[in-house]
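Residue-level structural notes
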Amino acid sequence: MTIKIAVLKETRSGERRVAMVPSVIEKLVRMGAQVAIQSGAGDAIKLPDAAFKHATSVADTAQLVGDADIVLAVQPPTIETVQAMKAGAILISFVYGNKEPALVDMLQQKKIICFAMERVPRISRAQAMDALSSQATLAGYYAALLGATHLARIFPRMTTAVGSLRPATVLVMGLGVAGLQAIATAHRLGAVVEGYDVRPETKGEALSLGAKFVDTGVNATGEGGYARELTQEEKAKVAQIVTAHIQQADVIVTTASVPGRPAPKLISKAQVDGMKTGAVIVDLAADGGGNCEYTKPGETLRIGEVTIVAPLNVPSLLGEHASELYAKNLLNLLELLVHDGRISPDWSDEVVAKTALTGTSEAKPAMSEQHAA
Ligand code: NAD
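Okay, so let's go over this structure. Please read these numbers as outputs of a predicted model, since none were measured by experiment. (Residues numbered from 1 in each chain as written. Predicted model: local features only at pLDDT ≥ 70, side-chain atom pairs only at ≥ 80, totals over all residues. Heavy atoms only, no water.)

1. Brief notes about the packing of helix H5 (residues 131-150) against helix H11 (residues 319-337)
Stated formally: To obtain an axis, a line is fitted to C-alpha atoms, over the contacting stretch when the element is a helix, and the angle between two such axes runs from 0 to 180 degrees between their N-to-C directions. Think of it this way: any DSSP run of H or I at least four residues long counts as a helix, any run of E at least two long counts as a strand, and we number them from the N terminus. Reported orientations rely on four angle classes, namely roughly parallel under 35 degrees, roughly antiparallel over 145, roughly perpendicular from 65 to 115, and oblique for the rest. Handedness of a helix crossing follows the sense of rotation of the near helix relative to the far helix, less than a right angle counterclockwise being left-handed and clockwise being right-handed. Contact between two residues is taken to exist if any of their heavy atoms lie within 4.5 Å; hydrogens are not considered. When residues are sorted by character, Ala, Val, Leu, Ile, Met, Phe, Trp, Tyr, Cys and Pro go into the nonpolar class, Asp, Glu, Lys and Arg into the charged class, and all the rest, Gly among them, into the polar class.
Orientation of H5 relative to H11, taken along the N-to-C sense of each, is 165°, at an axis distance of 9 Å. Between H5 and H11, the angle is such that the two are roughly antiparallel. As H5 runs across H11, the sense of the crossing is right-handed. Counted together, Ala131, Ser134, Gln135 and Leu138 of H5 and His321, Ala322, Leu325, Tyr326 and Asn329 of H11 form the full contact between these two elements. Grouping the constituent residues of the contact of H5 with H11 by class yields 5 nonpolar, 4 polar and no charged.

2. Description of helix H1 (residues 22-30)
Spacing of three or four residues puts side chains on the same side of an α-helix, whose turn is 3.6 residues. We count it as follows: Relative accessibility thresholds used throughout: buried, under 20% of the residue-type maximum; exposed, over 50%; partly exposed, between the two (1.4 Å probe, protein chains only). Each C-beta atom gives one direction from the helix axis, and the arc is the one those directions make.
Every buried residue of H1 is listed here: Val24, Ile25 and Leu28. Take H1 and look down its axis: the buried residues cluster within an arc of 105°, on one side only. Contacts from the buried residues of H1 go to strand S1 (3-7), strand S2 (33-38), strand S3 (55-58) and H11. Two residues or fewer past H1, glycine 32 is found with a positive phi of approximately 100°.

3. Here's the deal with unusual backbone geometry
Positive phi values are uncommon outside glycine, yet tyrosine 96 reaches one of about 50°. Checked against the element boundaries, tyrosine 96 lands in the loop between strand S5 (90-93) and helix H4 (101-109). By relative accessible area, which is 34% here, tyrosine 96 ends up partly exposed.

4. Details of the pairing of strand S9 (residues 169-173)
Keep this limit in mind: Should DSSP find at least two bridges between two strands, the strands are regarded as paired. Handedness is read with the strands pointing away from the viewer; a crossover is right-handed when the path from the first strand over the helix to the second is clockwise.
Among the 5 residues that make up S9, 5 are buried, leaving the element largely enclosed by the rest of the structure. Side-chain alternation along S9 places Thr169, Leu171 and Met173 on one buried face and Val170 and Val172 on a second face that is also buried. Pairing between S9 and strand S10 (residues 192-196): 5 bridges, direction parallel. Pairing of threonine 169 across the sheet is with valine 192, part of S10. Crossover handedness for the path S9 to helix H6 (residues 177-188) to S10: right-handed. Sheet analysis places S9 next to strand S12 (residues 251-254), joined by 4 bridges and oriented parallel. Across the sheet, methionine 173 pairs through a bridge with threonine 254, a residue of S12.

5. Describing the pattern of salt bridges
Keep this limit in mind: Here a salt bridge means any side-chain nitrogen of Lys or Arg lying within 4 Å of a carboxyl oxygen belonging to Asp or Glu.
Per the stated rule, a full pass over the model turns up 17 salt bridges. Residues aspartate 250 and lysine 276 are paired through a salt bridge, measuring 2.9 Å at the closest nitrogen-oxygen approach. Taken as a pair, aspartate 250 in the loop between helix H8 (232-248) and S12 and lysine 276 in the loop between helix H9 (269-273) and strand S13 (280-283) lie far apart in primary sequence, 26 residues in all. Take lysine 276: its relative accessible area is 26%, and that puts it in the partly exposed class. The closest approach of N and O atoms between lysine 328 and glutamate 324, which form a salt bridge, is 3.3 Å. Of this pair, lysine 328 and glutamate 324 both sit in helix H11, 4 residues apart, which is roughly one turn of the helix.

Below is the structure:
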């Protein structure tokens, strides 16, 4: 039986990505799947329907998902879309179930087996499926560029006929996937780069990318390689050391986050007020409320002579490459779910079991019936 895969057009405002790109669809077809894509799904990244040569194009959502075995999306679909899905089918997208209780209820009601991309375990073997990382890498790169273009100076040292220009100093706060990519990009552009994180193990990574590490003596490594929230005492200790670096920076890129918590505030209003004239903060944590006390998510502000740039959904701004990497993450996950042209997830595989949000135990027998032979 041919596996039918449906790709949704994203409907959330500001979302330009599409879950599948033509080159990856070709690979799905080679796996034995039949792919249908919602009309206009690639429009925002200038991929017309005609570019999806190996997929059929369907306009109506209910018709698209109604007989699909697997539905693919970037953002969580609407409740109506899930309602229109076949009972026991598979959904793969970002979901963030704690923010979408009604959607999760509907997924359960319909016995949908939902693989939520934010749940892919952060282990080496799952790196090829890790969409949080692929998207954060692009965001980190773009943050450095945003810093460069909002600055009225250049990043590299430059020698001209009328003298030399000093390189810019870039401070990156939060050295996860995005932060490290921001360091690498700023360094490549010739800036003098400093990095800071509350997980001391990031020091070696920062140094290997050409940055200096701002050592605060605070270790807030939490569970699973993530950071924990700082105590008041730790915050005061950090501020004492970090303030001098904030005040010397031409550009600051902040990327800090703590799982399940609002973004930690790393830069106070007082610290911004003491920054260099013309300095720029690029707050990549805007989706979680921002790392700077002045940040207004989605807005670019001028506070005195400091510019604070806080874009939302940054990967979507690089929609073409973000879609390509996301589609490859999905393909790699699908390869764990489809064997010999049949949907047969290996539930003993940690990546499969941990990524599943709904539909695991109750759906297993139904699936093997549905896709047997
Ligand atoms: P994240 O987005 O959760 O956080 C970004 C950074 O902010 C982290 O480095 C965190 O330590 C830092 N941070 C939090 N509070 C801070 C504060 N008050 N001050 C300064 N920095 C602060 O991070 P992420 O990019 O999702 O990565 C999380 C972890 O997962 C890291 O340990 C990373 O190496 C690991 N990881 C592993 C894999 C893999 O092995 N497959 C893939 C990706 C990430």
